[in-house]
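Here's the letter readout for the chains.
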Amino acid sequence: MISKHAALIYTMVITSAADQEMTDAELQTIGDVVRHLPAFRGFDEQTLPVVAAECAEMLGEEDGLETVLNQVHAALPESLRETAYALAVDVAAADLHAAQEELRILEMLRYHLEIDRLTAAAIERGARARYSVG
């Protein structure tokens, strides 16, 4: 089983990789999150590229996305599931455009993380406010 830190990173990686392009803004968001959020206390940020590569490798396997989503669900305590969804939404919003593929991943994450629609809408609205350019 993966760690809770890896699970949080996996949610961001699958969101970023959903449209087959990981933008600089998305990668910067992932790095900033890992460096600054309390959920990553105790995580060695130097291992971020290794954890991200493990996720990418898993995605390349047959049924890889489903495997990643199941591992994320198993690794995250209920108290971090909304956090994981919020991080994924922030990554989707980082380049100021959420592609259809990213929206589909967010939908799958909502289902696997058991995030209700009202909570998801609040998280998404918060991200829209944070990433608005006016």
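Refer to the structure presented above.
Residues numbered from 1 in each chain as written. Predicted model: local features only at pLDDT ≥ 70, side-chain atom pairs only at ≥ 80, totals over all residues. Heavy atoms only, no water.

Enquirer: Is there a simple way to explain the packing of aromatic side chains in this structure?
Expert: The geometry of two aromatic rings is summed up by the distance between their centres and the angle between their planes. Scanning all chains against the criterion turns up one aromatic pair. Ring plane angle 65° and centroid distance 6.0 Å describe the contact between phenylalanine 40 and phenylalanine 43, whose orientation is recorded as edge-to-face. (Phe/Tyr/Trp six-rings, centres within 6.5 Å; stacked < 30°, edge-to-face > 60°.)

Enquirer: I'm lost on helix α1 (residues 4-17) in this one. Help?
Expert: An α-helical segment advances 3.6 residues per turn. Residues three or four places apart therefore align on the same side. The end-to-end C-alpha separation of α1 is 20 Å, in line with the 20 Å expected for 14 residues at 1.5 Å each. Those residues of α1 not exposed but buried are His5, Ala6, Ala7, Leu8, Ile9, Tyr10, Thr11, Met12, Val13, Ile14, Thr15 and Ser16. Next to the buried residues of α1 lie α2 (24-36), α3 (48-59), α4 (64-75), α5 (78-94) and α6 (100-113). (Helix = DSSP H or I, 4+ residues; strand = E, 2+ residues; numbered from the N terminus. Expected span 1.5 Å × (residues − 1). Buried < 20%, exposed > 50% of the residue type's maximum accessible area, 1.4 Å probe, protein only. Contact = heavy atoms within 4.5 Å.)

Enquirer: What am I meant to see in the environment of leucine 59 here?
Expert: Following the sequence through the fold, leucine 59 ends up in helix α3. On the basis of relative accessibility, which here comes to 25%, the residue leucine 59 falls in the partly exposed class. Separated by 22 residues in sequence, leucine 59 and arginine 81 place their C-alpha atoms 20 Å apart. When residues no more than four places from it in sequence are discounted, the contact partners of leucine 59 are Ile14, Gly64, Leu65 and Val68.

Enquirer: Could you clarify how one ought to interpret the side chain of threonine 15 in this entry?
Expert: By secondary structure assignment, the location of threonine 15 is in helix α1. Not counting chain neighbours up to four residues away, the residues in contact with threonine 15 comprise Ala88, Val91, Ala92, Glu102, Ile105, Leu106 and Leu109.

Enquirer: Just checking my understanding: could you explain the packing of α4 against α6 for this structure?
Expert: When two helices pack together, their arrangement is captured by the angle between the axes and the distance separating the axes. Between α4 and α6, whose axes approach to 10 Å, the crossing angle comes to 40°. Relative to α6, the element α4 is oriented oblique. Every pair of crossing elements has a handedness; the one defined by α4 and α6 is right-handed. Contact residues: α4 offers Leu65, Glu66, Leu69, Asn70, Val72 and His73, while α6 offers Ile105, Met108, Leu109, His112 and Leu113. Of the residues assigned to the contact of α4 with α6, the class counts are seven nonpolar, three polar and one charged. (Axes fitted to C-alpha atoms, helices over the stretch in contact; angles between N-to-C directions. Parallel < 35°, antiparallel > 145°, perpendicular 65-115°, else oblique. Left-handed = near helix turned anticlockwise from the far one by under 90°. Nonpolar A, V, L, I, M, F, W, Y, C, P; charged D, E, K, R; others polar.)

Note that every value here comes from positions in space, so none of it alone points to a role or purpose.
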